[in-house]
Amino acid sequence: MPASASSALVNVAEDAELRLVRLLADSAHSTRAGFVQDCEACILHGDAAQLMRTILEEKGAISALVSLEEEAVSAVSLLAALLDRVKEVNSSKLVDDLADSVIQSTSNEETSKAVSLLATLYNMRSEPLEKVGLLVKMIDLATARQPALLESSSSFLGRWMEASKLSSMLDDWQVEPVNRRALYRAAASGTTSSLSEQRFTLLTIETYSESDVDAEALESAKKAAIGAIRDPVSLFVEQRKILSLPAIQALKENFAPLLDLLRVFQEGKLEDYQSFVKTNGGESVLAQWELSPAECTRHIRILSLCSLAAEHEEIPYSIVANTLQTESSDVEKWVIAAVSSGLLSAKMDQLQEQVIVERCVVRKFEMEQWKGLQSRLHLWKKNVGGILEAYKQSQQQKQ
């Protein structure tokens, strides 16, 4: 966490702003001749907005602020408090300008200090969209200059690089989807984890509706689709509704093959994958998306087994082998792989050569699946009714 503002500079005092102005002027290598006088006039007339503009327009003053040692955080805290007194509707622009000035006035070696100063400003602002904008700037800054600042979960920025925490925070702030995009996109670019990048990319495309899908949306949709094909298992739950997203559906106009392949990995089986590859010129079609044919085949076999398990409670080895187009001797290997993925819970009866399904994810749930569920519920109801009737007759006989 950034240091809290505790310097005398931020104490409530009539001359706090004037002392800050003079400190900046004295610390700067050079300032224009009327800088202090213009600031004094703003202070005299209580014009907080113009005072902020005057300070921000004086590059030497902001450079001086950043160069301060112990008092830098306190100086930013005072400027943040000054922003609270700005009555203009464009006060958010002043927040942006202050943040940009701090970033421009720091070198690569001072990135950690720049983030600390921006974090101070972030902590002192209450408007959600301002805080979102500041987080975007800090993450982009760390990504470009010092990525290590994003890696530790105990650091100020690192704690927000977890998709669930960031999304939950934005929910609490009631931030509209359109205002989340830049932050999700910045986090996706900043993380070094492929799974985290996919999570943030999914969150990004979820913010789009049919009416506002643009070039950036399509680019994010392509990344999300490729990520969901490359690894359809690790984020199975997060990715299961991907086909319903408007940004993904928009791929059918210019990126139809990619959308078709995504649909195979969301709903299809091995035979559908092989048909896609054959129709599109062989495994070389995967190269354009940097997908591994071997990994794609492995994943689609696991998914095919899950689809089979969702349809049957007991599956002969021969059916599994036929579905996966493999030898019967390899069936147990694929069952173990599916169980290890967390998508399937099953036992193997080696004597009867059957897979006993205990639990399995459902990859596709449409009318056919609803009808299947209805049939199972009716059967369950019938069985329970039979048990109750038998119990009732047993009680009558005892009487």
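Rules and cut-offs
Residues numbered from 1 in each chain as written. Predicted model: local features only at pLDDT ≥ 70, side-chain atom pairs only at ≥ 80, totals over all residues. Heavy atoms only, no water. Salt bridge = Lys/Arg side-chain N within 4 Å of Asp/Glu carboxyl O. Helix = DSSP H or I, 4+ residues; strand = E, 2+ residues; numbered from the N terminus. Buried < 20%, exposed > 50% of the residue type's maximum accessible area, 1.4 Å probe, protein only. pLDDT = per-residue confidence, 0-100. Contact = heavy atoms within 4.5 Å. Arc of directions from axis to C-beta. Axes fitted to C-alpha atoms, helices over the stretch in contact; angles between N-to-C directions. Parallel < 35°, antiparallel > 145°, perpendicular 65-115°, else oblique. Left-handed = near helix turned anticlockwise from the far one by under 90°. Nonpolar A, V, L, I, M, F, W, Y, C, P; charged D, E, K, R; others polar.

### Notes on the pattern of salt bridges
Part 1 of the reasoning: The full count for this structure, using the stated rule, is 17 salt bridges.
Part 2 of the reasoning: A salt bridge links Arg125 to Asp84; the nearest nitrogen and oxygen atoms lie 2.8 Å apart. Of this pair, Arg125 sits in the loop between helix 7 (111–124) and helix 8 (128–145) while Asp84 sits in the loop between helix 5 (72–83) and helix 6 (91–104), and the two are 41 residues apart along the sequence.
Part 3 of the reasoning: Relative accessible area serves as the criterion here: at 48%, Asp84 is assigned to the partly exposed category.
Part 4 of the reasoning: Linked through salt bridges whose partners overlap, the residues forming this network are Arg32, Asp38 and Glu58.

### Focus: the confidence of the model for the protein chain
Part 1 of the reasoning: Of the residues in the protein chain, 92% have a pLDDT of 70 or more, and the chain-wide mean is 89.
Part 2 of the reasoning: Segment residues 1–12: pLDDT under 50, and 27 contacts once partners within four positions in sequence are set aside and those in other chains are kept.

### With respect to helix 19 (residues 317–324)
Part 1 of the reasoning: Along helix 19, the residues classified as buried are Tyr317, Val320, Ala321, Thr323 and Leu324. One face of helix 19 carries all of its buried residues, which in axial projection span an arc of 165°.
Part 2 of the reasoning: Where helix 19 is buried, its residues touch helix 17 (270–279), helix 18 (293–311), strand 1 (314–316), helix 20 (331–341), strand 2 (344–349) and strand 3 (354–360).

### Regarding the packing of helix 9 (residues 163–172) against helix 10 (residues 181–190)
Part 1 of the reasoning: Their axes nearest at 12 Å, the elements helix 9 and helix 10 cross at an angle of 165°. Here helix 10 runs roughly antiparallel to helix 9, going by the angle between their axes. The handedness of the crossing between helix 9 and helix 10 comes out as right-handed. Across the interface between the two elements, Leu166, Ser167 and Leu170 of helix 9 pack against Leu183, Tyr184 and Ala187 of helix 10.
Part 2 of the reasoning: Split into classes, the residues belonging to the contact of helix 9 with helix 10 amount to 5 nonpolar, 1 polar and no charged.

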